[in-house]
Amino acid sequence: MSKIVLCVDDSATMQMVADITFRGTEYQYVGARSWDDGLEKAKSQKPAIVLVDSQIGSGGKTGYDLCLAIKSEAKTADVPVV
């Protein structure tokens with residue numbers, strides 16, 4: 001079973017870079033383009049690590065807010081967020 005890397009970034013370019021970076025490795029790339037999608041995938045996918053852009057979209061919530069939300073969930077509190 002591969003380890004999941006969740007990349008939360010609203011940039012299609014950065015999503016493509018992350019996808020290419022993890023191809024052919026032991027890691028499975030999973031992308032999310034919004035704050036809500038990132039939190040949902042963090043809970044449902046149980047990634048080995050979450051890579052988060054500090055500015056996600058324009059909804060008023062930041063990557064820092066997403067980090068706090070991930071860390072406040074018992075299911076994902078132990079997942080590293082960068």
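Residues numbered from 1 in each chain as written. Predicted model: local features only at pLDDT ≥ 70, side-chain atom pairs only at ≥ 80, totals over all residues. Heavy atoms only, no water.

(A) Looking closely at helix α2 (residues 35-45). Taken together, the buried positions of α2 are Trp35, Gly38, Leu39 and Ala42. Each buried residue of α2 sits inside an arc of 95 degrees when the element is viewed along its axis, so together they form one side. In this fold, the buried residues of α2 make contact with β1 (3-8), β2 (27-32) and α3 (63-72). Within two residues after α2, lysine 46 carries a phi angle of roughly 50 degrees, on the positive side. (Buried < 20%, exposed > 50% of the residue type's maximum accessible area, 1.4 Å probe, protein only. Helix = DSSP H or I, 4+ residues; strand = E, 2+ residues; numbered from the N terminus. Arc of directions from axis to C-beta. Contact = heavy atoms within 4.5 Å.)

(B) Focus on unusual backbone geometry. The phi angle at lysine 46 is positive, at roughly 50 degrees, despite the residue not being glycine. Looking at the secondary structure, you find lysine 46 in the loop between α2 and β3 (49-52).

(C) Broad picture of the side chain of glutamine 15. Relative to the helices and strands, glutamine 15 resides in helix α1 (residues 12-22). Here glutamine 15 falls in the buried class, since its relative accessible area comes to 8%. Those residues in contact with glutamine 15, other than ones at most four positions away along the chain, are Cys7, Val8, Asp9, Tyr29, Gly31, Ala32 and Arg33.

(D) Local environment of the packing of aromatic side chains. For the structure on display, the rule yields one aromatic pair. Relative to tyrosine 27, the ring of phenylalanine 22 lies with its centre 6.1 Å away and its plane at 70 degrees, an arrangement referred to as edge-to-face. By relative accessible area, phenylalanine 22 is classed as buried at 19%. A relative accessible area of 29% means that tyrosine 27 is categorised as partly exposed. In this arrangement the basic side chain of lysine 61 is found over the ring face of tryptophan 35, its NZ or CZ atom lying 4.1 Å from the centre. (Phe/Tyr/Trp six-rings, centres within 6.5 Å; stacked < 30°, edge-to-face > 60°. Lys NZ or Arg CZ within 6 Å of the ring centre and 35° of its normal.)

(E) Molecular detail of the nonpolar core. Membership of the largest hydrophobic core comes to 15 residues, with the highest contact counts inside it found for Leu6, Val8, Val50 and Leu66. Contributions of two or more residues to this core are made by β1, β2, α2, β3 and α3. Not counting the four nearest positions on each side in its chain, leucine 6 is found in contact with Val30, Gly31, Ala32, Gly38, Lys41, Ala42, Pro47, Ile49, Val50 and Leu51. One finds Val5, Cys7, Phe22 and Tyr29 within the second-largest nonpolar core, a separate group that totals five residues. (Core = buried A, V, L, I, M, F, W, Y, C linked by side-chain atoms within 4.5 Å.)

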